[in-house]
Amino acid sequence: MKNASQTKLFPTRQERELASLRDLSARVGSDPLLVQASNGNTSIKLDGILWIKASGKWLARAMQEEMLVPLELAEVKESIRTGAEIASRYAQRDELKPSIETAMHALLRHRVVIHVHSVNTIAWAIRLDAPEQLKDRLTGLHWQWIPYAASGISLAQEIEKAVASAPETDVLILGNHGLVVCGQDCHTAEKLLREVERRLAIVPRRFPKPDATVLALIARFSKWQFPDVGSLHALGTDAVSRKVLKGGVLYPCQAIFLGQIMPLVPPAVVISKSTESLNDKGGTPPFVAVERSGVMLNEKITSAARANLIGLAQVTLRTDESARLRYLNEAEVADVLSKGAHGCKEPVVTEEKANSSADTKELDEERTASAATASTVALGPA
Ligand SMILES: [Zn+2]
């Protein structure tokens, strides 16, 4: 057993590779255009061990806290073969539970795998014509389109099918979900990630400024605050963003953190006495968008919901008005919400509230409330 100073002076190959993965994870996780809160995951395969991000951890904090779970790769593959739930199998062994996407990471043959919820990729991956749109943009890369599948074994099986006849595949565009890139080492994988990002980059639309007078009417109620990120107002002031969001749920994290139906209200509701509905006890959404006026945040919005809201605004600002979109259907949304079928429905504690189980409970309650009651606010009569 080496002491800390020896480790620092003479790190083993494994230590160097894990350090590279942590470094990469922190860098990628700190980019809100790639990762929002606890979504996204990274892994490396070293000498028969799959080191994968733990469920619920934030990649951005990879340098501050341990978040890699070591799993026997052969055992994970056997679990996939028998259809056993990998996360629960390992939950007993260690405090950290492996990511819900462990099966996907295990089945990909490359040593390093990076999965992110890139807003540029998602803006393409929600389009019905995504495969056609991506063909020219990704030409020359070994990429595959993976139609939407629930996170976990279902998604891994779709990917396994797709790469079976094309083992050189190292870029996967996941419909209504995000991006996966692979490489033989961290440097190669990150370089490929940057290349895909460069090719799929979309300039966000400019959007009208918020109407501070109308929003101030909401701010009278202590529950609501002006957002500190200006781009969030686009969800209220940008007509295309509103139209996009009225269509439904574009990807799982949207439903999980922000509700099934967008809490969008006309200014008349804010001005009239109906404003009280925004202040109702027992279930207010994490945010409210006022048509043509902007967005206000619930003071109790969690940092995870806030990060996902910022991501959502960036996706809609990159969605072309003429694009025909594929929304998740009712069964898919129900599956995501009921089973926690996606990687982002993992226990998340906010930065300020780390290690508090009570706060985790509060977060879960808020998610439930936002999913169940957003429609009341959004669709209530003016
Ligand atoms: Zn994901």
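## Considerations on the overall build of the protein
Piece 1. Of regular secondary structure, the protein possesses 17 helices and 11 strands.
Piece 2. The buried share among the 382 residues of the protein stands at 55%.
Piece 3. Of the roughly 16,900 Å² that the protein leaves accessible, carbon and sulfur atoms contribute 52%.

## Some points on the pairing of strand β7 (residues 178-183)
Piece 1. Counting buried residues in β7 gives 6 out of 6 residues, a clear majority hidden from the surface.
Piece 2. Every second residue of β7 is oriented toward a common face, with Gly 178, Val 180 and Cys 182 on one face and Leu 179, Val 181 and Gly 183 on the other, all of them buried.
Piece 3. Bridge analysis of strand β4 (residues 112-116) against β7 gives 5 bridges, and the strand direction is antiparallel. Across the sheet, His 115 pairs through a bridge with Val 180, a residue of β7.
Piece 4. Strand direction decides the pairing type here: strand β6 (residues 171-174) and β7, joined by 4 bridges, are antiparallel. Opposite Leu 172, over in β7, you have Val 180 as the bridge partner.
Piece 5. Linking two consecutive strands that pair antiparallel, namely β6 and β7, is a turn of 3 residues; a positive phi of about 50 degrees is found at Asn 176 within it.

## Focus: the side chain of Gln 36
Piece 1. With respect to the secondary-structure elements, Gln 36 resides in the loop between α2 (13-29) and β1 (41-46).
Piece 2. From its side chain, Gln 36 meets the backbone oxygen of His 117 in a polar contact 3.2 Å long.
Piece 3. If sequence neighbours within four positions are ignored, Gln 36 has contacts with His 117, Val 119, Ala 307, Asn 308 and Gly 311.

## Focus: the coordination of the zinc ion
Piece 1. At the metal site, the zinc ion is ligated by His 115 (NE2), His 117 (NE2) and His 177 (NE2), and these contacts range over 2.1 Å.
Piece 2. Each donor residue of the zinc ion belongs to the same chain, and together they define the spacing H-x1-H-x59-H. On the criterion of sequence distance, the pair formed by His 117 in the loop between β4 and α6 (119-125) and His 177 in the loop between β6 and β7 is long-range, its members being 60 residues apart. Exposure class is identical for His 117 and His 177. Each is buried.

## Comments concerning the packing of aromatic side chains
Two descriptors summarise a pair of aromatic rings, namely the distance from one centre to the other and the angle between the planes of the rings.
Piece 1. In total, this model carries 0 aromatic pairs according to the counting rule given.
Piece 2. Arg 61 extends its terminal NZ or CZ atom over the ring of Trp 58, reaching a point 4.3 Å from the ring centre.

## Here's the deal with unusual backbone geometry
Piece 1. Residue Asp 47 is not a glycine yet carries a positive backbone phi of 50 degrees.
Piece 2. Among the structural elements, Asp 47 can be located in the loop between β1 and β2 (49-53).

## Structural notes on α2
Piece 1. When the terminal C-alpha atoms of α2 are compared, their 24 Å separation across 17 residues agrees well with the 24 Å that a helix rising 1.5 Å per residue should span.
Piece 2. Those residues of α2 that fall on the buried side of the exposure criterion are Glu 17, Leu 18, Leu 21, Leu 24, Ser 25, Ala 26, Val 28 and Gly 29.
Piece 3. At its buried positions, α2 is contacted by β1, β2, β3 (68-72), β4 and α9 (186-200).

## Some words on the pairing of β1
Piece 1. Taking burial as the measure, the 6 residues of β1 include 6 buried ones, the bulk of the element.
Piece 2. Neither face of β1 is open: one carries Asn 41, Ser 43 and Lys 45, the other Thr 42, Ile 44 and Leu 46, and all of them are buried.
Piece 3. In terms of strand pairing, β1 meets β4 through 4 bridges, oriented antiparallel. By the bridge assignment, Thr 42 is partnered in β4 with Ile 114.
Piece 4. Pairing of β1 with β2 involves 4 bridges; the strand directions are antiparallel. Across the sheet, the residue bridging to Leu 46 is Ile 49, located in β2.
Piece 5. Between β1 and β2, which pair antiparallel in sequence order, lie 2 residues; one of them, Asp 47, sits at a positive phi of approximately 50 degrees.

## Regarding the sheet that holds strand β8 (residues 224-225)
For sheets, the rule is that strands pair by backbone hydrogen bonds, running either parallel or antiparallel.
Piece 1. The 4 strands are arranged β8-β11-β10-β9 in an open sheet whose pairing can be described as mixed. In this open sheet, the two edge strands, each paired with only one partner strand, are β8 and β9 (264-265).
Piece 2. With 2 bridges connecting them, β9 and strand β10 (residues 287-290) associate as parallel partners. Within β10, the residue paired with Val 265 across the bridge is Val 290.

## Quick word on the nonpolar core
One recurring pattern in soluble globular proteins is that nonpolar side chains are buried together.
Piece 1. Core analysis: the largest hydrophobic core is formed by 40 residues, its most contacted members being Leu 235, Phe 287 and Leu 309.
Piece 2. Of all the secondary-structure elements, those providing two or more residues to this core are α6, α12 (239-246), α13 (252-258), β10, β11 (294-298), α15 (303-316) and α16 (330-339).
Piece 3. Examining the composition of this core, we find that 8 residues originate from one element, α15, more than from any other.
Piece 4. Setting aside chain neighbours within four positions, we find Leu 309 in contact with Leu 232, Leu 235, Leu 258, Phe 287, Leu 297 and Ile 301.
Piece 5. By size, the runner-up hydrophobic cluster in this structure holds 36 residues, among which are Trp 143, Val 171, Ile 173 and Leu 193.

Reading the values: the criteria
- Residues numbered from 1 in each chain as written.
- Predicted model: local features only at pLDDT ≥ 70, side-chain atom pairs only at ≥ 80, totals over all residues.
- Heavy atoms only, no water.
- Helix = DSSP H or I, 4+ residues; strand = E, 2+ residues; numbered from the N terminus.
- Buried < 20%, exposed > 50% of the residue type's maximum accessible area, 1.4 Å probe, protein only.
- Areas by Shrake-Rupley, 256 points an atom, 1.4 Å probe, with all protein chains shown as cover.
- Pairing = 2+ DSSP bridges.
- Polar contact = N/O pair within 3.5 Å; in protein donor to acceptor, adjacent residues only side chain to side chain.
- Contact = heavy atoms within 4.5 Å.
- Donors = N, O, S within 2.8 Å, 3.2 Å for Na, K, Ca; no water.
- Phe/Tyr/Trp six-rings, centres within 6.5 Å; stacked < 30°, edge-to-face > 60°.
- Lys NZ or Arg CZ within 6 Å of the ring centre and 35° of its normal.
- Expected span 1.5 Å × (residues − 1).
- Core = buried A, V, L, I, M, F, W, Y, C linked by side-chain atoms within 4.5 Å.

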